[in-house]
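So the chains spell out like this:
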Amino acid sequence: MKAFAELYAALDETTKTNEKVEALTAYFSRVPPADAAWAATFLIGRRPKRLLESRKLAQWAIEESGIPEWLFAECYHAVGDFAETIALLLPPAQSSSNLPLHSWIEERLLPLRDADDEARRASLVSAWREMDERQRFAWNKIITGEFRVGVSQSLVVRAVAAVSGLDAAVVSHRLMGDWQPTAAFWAQLVAAAAPDADVSRPYPFFLAHPLEGAIEELGGIGEWQVEWKWDGIRAQLIHRNSRTFVWSRGEELMTDRFPELEALGAQLPDGVVVDGEVLPWKNGEPLPFAQMQRRIGRKALGPRILSEVPVVIVAYDLLELEGVDIRERPLEFRRARLEEIAPPNSALIVSPVVRADTWQELTVRRQEARARKVEGFMLKRLGSPYRVGRRRGDWWKWKIEPYSVDAVLIYAQPGHGRRASLFTDYTFGVWDGNELVPFAKAYSGLTDEEIREVDAFVRANTIEKFGPVRAVKPELVFELAFEGIQRSPRHRSGIAVRFPRMARWRTDKKAAEADTLETIRALLPPGVGAVD
Amino acid sequence: MDSLLQLTDHGLYCAGGDFYIDPWRPVDRAVITHAHSDHACPGSRAYLTARPGEALLRARVGGEAAIQPLDYGEPVSLGSVRISLHPAGHILGSAQVRIESGGDVWVVSGDYKLEPDPTCTAFEPVACNTFVTESTFGLPIYRWPPQAEVIAEIRNWWTANQKAGKASVLFAYSLGKAQRVLAGLLANVDVAAGPIYTHGAVENFCRLYREAGIALAPTMHAGAAPPDADWSRALILAPPSANGPPGLIGMRRFGPLSTGFVSGWMRIRGARRRRSLDRGFVLSDHADWPGIMSAIRASGASRVWVTDGYRAPVVEWLGQQGIEARAVETRFEGEHDETGAEPAGAEP
């Protein structure tokens with residue numbers, strides 16, 4: 001736990017990726033393999049199922065700290081991080097633990113799964129007493145699962161590659177799919193050649209960068225394959241050894257959420273991996289994404305929801321054929337094989353290719369995007385391999401301009417982590433007659449400088465407090481950008497938008513000049529009924 | 001019981017002695033607890049302050065000001081009250097103000113801390129009926145690590161930066177904090193450690209400290225550095241305000257650098273990360289939560305007024321401990337009583 005707490009502090013103390021990779025590399029080289037496996041697990045955002053409820057943790061921390069609950073709440077508001085608040089409030093540390101990370105997890109944390117509350121409390125309090133302040137903090141991060149320390153999967157991959165001498169793409173692939181953090185797994189991860197034991201293992205996704213600069217700069221349009229950019233759940237459909245797996249890009253195994261795709265797997269030849277987008281689909285076109293959310297939200301998938309919101313996979317690419325990794329073969333080859341294996345009239349739709357002879361023609365066709373319920377174009381260079389991660393050069397996404405609306409800041413709430421105790425989470429309203437109705441929440445898009453200004457405004461112009469939420473004088477106007485718009489009876493405005501963010505602070509506009517609900521309703525797609 | 005003090009739009013006022021304590025506008029007679037700018041407003045007709053802080057106050061309010069210095073503990077009668085100044089342990093010359101009238105005793109803490117500090121006289125508990133306390137760090141998350149540990153951390157950070165070929169830029173308030181760090185480093189560095197450079201604002205106060213006989217590690221004004229100075233071995237002390245666009249541009253000449261901030265706010269990770277600092281060093285000239293509570297207990301006061309900072313939780317907590325407490329809205333606060341966000345320069 002000592003080394004892990006030091007690693008966490010080292011990662012937390014620098015914003016420079018090279019220094020983070022160095023700290024990770026040094027850590028991986030000096031700790032036992034089981035520790036390295038657990039650390040990698042947490043750092044790439046995997047974690048064992050959460051065992052302890054926050055409410056109980058807070059209660060035990062409060063008892064151990066000897067402060068009243070209201071004071072704990074005050075402290076939490078000031079700190080903005082639950083794990084850190086507890087670490088700061090516990091009585092001063094009397095000792096420091098030499099027990100390695102994997103022992104803490106396997107011998108102390110995981111057994112709590114079958115323990116009752118009293119045993120859990122006793123075990124946790126004892127853990128806190130054995131640790132110093134840094135260790136308590138790292139431990140709290142582990143048990144609360146809020147493990148963010150600015151380390152992306154790619155940094156962990158770089159560090160493992162440095163430790164093992166392997167290519168980063170190999171490490172990246174070995175870290176995908178279903179594995180358990182054990183010493184044996186770590187040994188396989190860093191081994192020169194390892195047989196793949198995991199039949200479900202997906203490949204790392206290749207992701208596109210937004211197009212930079214003018215479309216003409218890409219060269220001749222003949223060198224590119226153009227597809228619509230669909231808005232669903234990016235996924236890999238795997239069929240190996242007569243078994244089918246669906247992995248989301250968030251590396252969640254979703255096979256049982258999509259029985260249609262599991263059935264589709266049986267129609268595919270063995271040893272195949274398809275990359276695509278899972279979409280709710282009916283009558284030859286996608287349903288609104290809100291329908292997908294409705295389906296995903298269901299615990300049990302009854303016949304009604306399956307018939308109302310059926311899904312398909314719109315297939316972009318073929319990564320494996322006859323059990324062989326074909327990612328290095330050119331795009332045309334993979335595309336041709338994909339078309340060959342696609343079963344007719346099935347839940348697999350090969351992503352249509354958009355034909356255009358000139359960029360100008362394509363630019364005109366881009367205007368069809370909204371009517372087609374897509375987000376724009378994907379541009380893929382012919383001859384390109386299927387790469388790992390988000391890379392420039394071979395794939396670009398060329399999205400249509402977002403919707404934009406001018407709205408008034410009406411509520412603000414403090415953020416978390418690095419934005420703790422600054423008002424950074426905002427609710428915006430638009431005019432409905434003489435009233436501002438809440439329309440969207442947005443957290444991103446402002447510079448640090450602007451955030452400080454808005455924060456000062458909120459403090460000076462609070463008209464009412466609801467817990468941590470402040471109602472403020474309706475004065476500041478922001479241009480909000482968003483990708484999609486739907487009717488929603490769950491929202492007071494009757495409208496739900498997708499990916500809202502602040503595009504600009506309209507210091508040139510007064511609140512009265514903000515948009516009205518009426519103008520926003522006009523953006524709604526025609527003929528789409530209320531959702532749910 | 002009559003109130004010896006009232007809060008007015010000029011600050012805390014004692015009618016019996018016709019004086020203000022740390023007024024925020026010019027008045028006829030001001031009693032100044034210490035020379036930080038938000039406590040020492042220029043333009044008053046007469047000032048009373050503790051003798052070790054006289055030169056600092058003069059630097060703040062101007063050479064012509066009428067300043068009457070008072071030794072710690074030396075009583076003086078003003079109108080119908082007797083006052084005396086007692087060490088507050090905040091910065092050089094900082095004082096608590098004791099006011100006595102009839103049998104009633106009030107003590108105004110000013111800013112204070114309980115930790116030892118080689119640059120000023122240690123905080124002295126003064127018995128009173130009513131204690132007026134600051135509450136800048138009045139939440140139990142604020143608990144200071146031992147000073148020696150923090151100084152050693154600064155020292156290690158500096159050494160590590162030297163090895164990595166980086167200049168060490170350390171932000172610290174120019175009056176008090178910077179000198180405390182320099183006094184702490186004195187025992188920790190020898191001449192071979194590397195040069196310590198200072199921003200002009202820091203250097204001016206260092207000079208006044210040295211003139212008062214306080215031993216500090218040797219420093220040189222960064223502006224007077226030779227053109228070929230090797231910044232990669234240097235520690236550079238600058239006020240926090242230099243961690244903004246103009247100051248940062250000026251810092252380009254130091255080459256590769258690591259930044260640190262010495263402040264009680266650094267106890268919270270978010271406060272450090274928000275400023276994009278590499279390191280935070282938890283060292284404050286204010287009392288932490290245990291410090292505030294122990295100062296209140298030591299005063300024996302049955303009534304407490306709470307100013308500056310986390311007034312609401314401190315008042316609530318004291319009430320639950322059976323101590324009559326009320327919040328007093330001084331000008332020294334932004335809104336950090338509730339959310340912990342500190343306005344720029346909130347910790348002079």
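Residues numbered from 1 in each chain as written. Chains lettered and ligands numbered in written order. Predicted model: local features only at pLDDT ≥ 70, side-chain atom pairs only at ≥ 80, totals over all residues.

1. Some remarks on the overall build of chain A
Then comes step 1: If you tally the helices and strands in chain A, you get 19 helices and 20 strands.
Then comes step 2: Here the C-alpha radius of gyration of chain A, 26 Å, is about what a compact globule of 532 residues would show, namely 24 Å.
Then comes step 3: Its C-alpha atoms give chain A principal-axis dimensions of about 75 × 70 × 50 Å.
Then comes step 4: Counting over 532 residues, chain A shows a buried share of 35%.
Then comes step 5: Partitioning the contacts of chain A with sequence separation of at least 6, the portion at a separation of at least 24 is 71%. (Helix = DSSP H or I, 4+ residues; strand = E, 2+ residues; numbered from the N terminus. Rg over C-alpha atoms; globule rule 2.2 N^0.38 Å. Buried ≥ 20, exposed ≤ 12 C-beta atoms within 10 Å, placed from the backbone. Contact = placed C-beta atoms within 7 Å.)

2. Brief notes about the domain arrangement of chain B
Residues and elements named next belong to chain B.
Then comes step 1: When cut into domains, chain B gives domain 1 (6-142 + 286-327) and domain 2 (147-281).
Then comes step 2: Domain 1 and domain 2 are separated by 29 Å when their C-alpha centres are compared.
Then comes step 3: At the interface, 16 residues of domain 1 touch 13 residues of domain 2.
Then comes step 4: For the side of domain 1 that touches domain 2, the class distribution of residues is eleven nonpolar, three polar and two charged. (Domains from an automatic or database assignment. Nonpolar A, V, L, I, M, F, W, Y, C, P; charged D, E, K, R; others polar.)

3. Thoughts on the packing of helix α3 (residues 33-43) of chain A against helix α7 (residues 101-109) of chain A
Residues and elements named next belong to chain A.
Then comes step 1: Their axes nearest at 7 Å, the elements α3 and α7 cross at an angle of 75°. One finds that α3 runs roughly perpendicular with respect to α7. From α3, A34, D35, W38 and A39 reach across to α7, where they touch L101, H102 and I105.
Then comes step 2: When its residues are assigned to classes, the contact of α3 with α7 shows five nonpolar, one polar and one charged. (Axes fitted to C-alpha atoms, helices over the stretch in contact; angles between N-to-C directions. Parallel < 35°, antiparallel > 145°, perpendicular 65-115°, else oblique.)

4. Thoughts on unusual backbone geometry
Residue and element names in this part refer to chain A.
Then comes step 1: Backbone geometry places S242, a non-glycine residue, at a positive phi of 65°.
Then comes step 2: One can find S242 in the loop between β3 (233-240) and β4 (243-248).
Then comes step 3: Within the chain, E322 stands out as a residue other than glycine whose phi angle is a positive 50°.
Then comes step 4: By secondary structure assignment, the location of E322 is in the loop between β7 (311-321) and β8 (324-325).

5. Concerning the nonpolar core
Then comes step 1: Core analysis: the biggest nonpolar cluster contains 159 residues, and A39 of chain A together with V97, W106, V107, L170, I236 and L237 of chain B have the highest contact counts within it.
Then comes step 2: In this structure L237 of chain B touches L170, A172, A178, I196, T198, H199 and V202 of chain B, once residues within four positions along its chain are discounted.
Then comes step 3: Among the nonpolar cores identified, the runner-up in size contains 45 residues, and V246, V312, A315 and Y386 of chain A belong to it. (Core = buried A, V, L, I, M, F, W, Y, C linked by C-beta atoms within 7 Å.)

6. Details of the interface of chain A and chain B
Then comes step 1: Each partner contributes residues to the interface: chain A has 26 residues there, and chain B has 20 residues.
Then comes step 2: Counting residues per element, the side of chain A that touches chain B draws most heavily on helix α5 (residues 69-79) of chain A, which supplies six residues.
Then comes step 3: Taken together, the residues of the side of chain A that touches chain B break down into eleven nonpolar, seven polar and eight charged.

7. Topic: the domain arrangement of chain A
Residues and elements named next belong to chain A.
Then comes step 1: Annotation of chain A at the domain level lists domain 1 (2-144), domain 2 (206-399) and domain 3 (403-521).
Then comes step 2: The partner domain 3 presents five residues to the four residues of domain 2 that form the contact.
Then comes step 3: Classifying every residue of the side of domain 2 that touches domain 3 by side-chain character gives three nonpolar, no polar and one charged.

8. Side note on the confidence of the model for chain A
Then comes step 1: Per-residue confidence for chain A gives a mean pLDDT of 90, with 97% of residues at or over 70.
Then comes step 2: The low-confidence segment residues 528-532 of chain A, where pLDDT is below 50, has twelve contacts with residues more than four positions distant or belonging to other chains. (pLDDT = per-residue confidence, 0-100.)

9. Some details on the sheet that holds strand β10 (residues 376-381) of chain A
Paired through backbone hydrogen bonds, the strands of a sheet run either parallel or antiparallel to each other.
Residues and elements named next belong to chain A.
Then comes step 1: The sheet built from four strands is open, its strands ordered β1-β11-β10-β2 with mixed pairing. Of all strands in the sheet, those bounded by a partner on one side alone are β1 (206-210) and β2 (224-228). When strand polarity is set aside, the average angle formed by the axes of neighbouring strands in this sheet is 40°.
Then comes step 2: The pairing of β2 with β10 spans five bridges and is antiparallel. Paired with V226 across the bridge in β10 is L379. (Pairing = 2+ DSSP bridges.)

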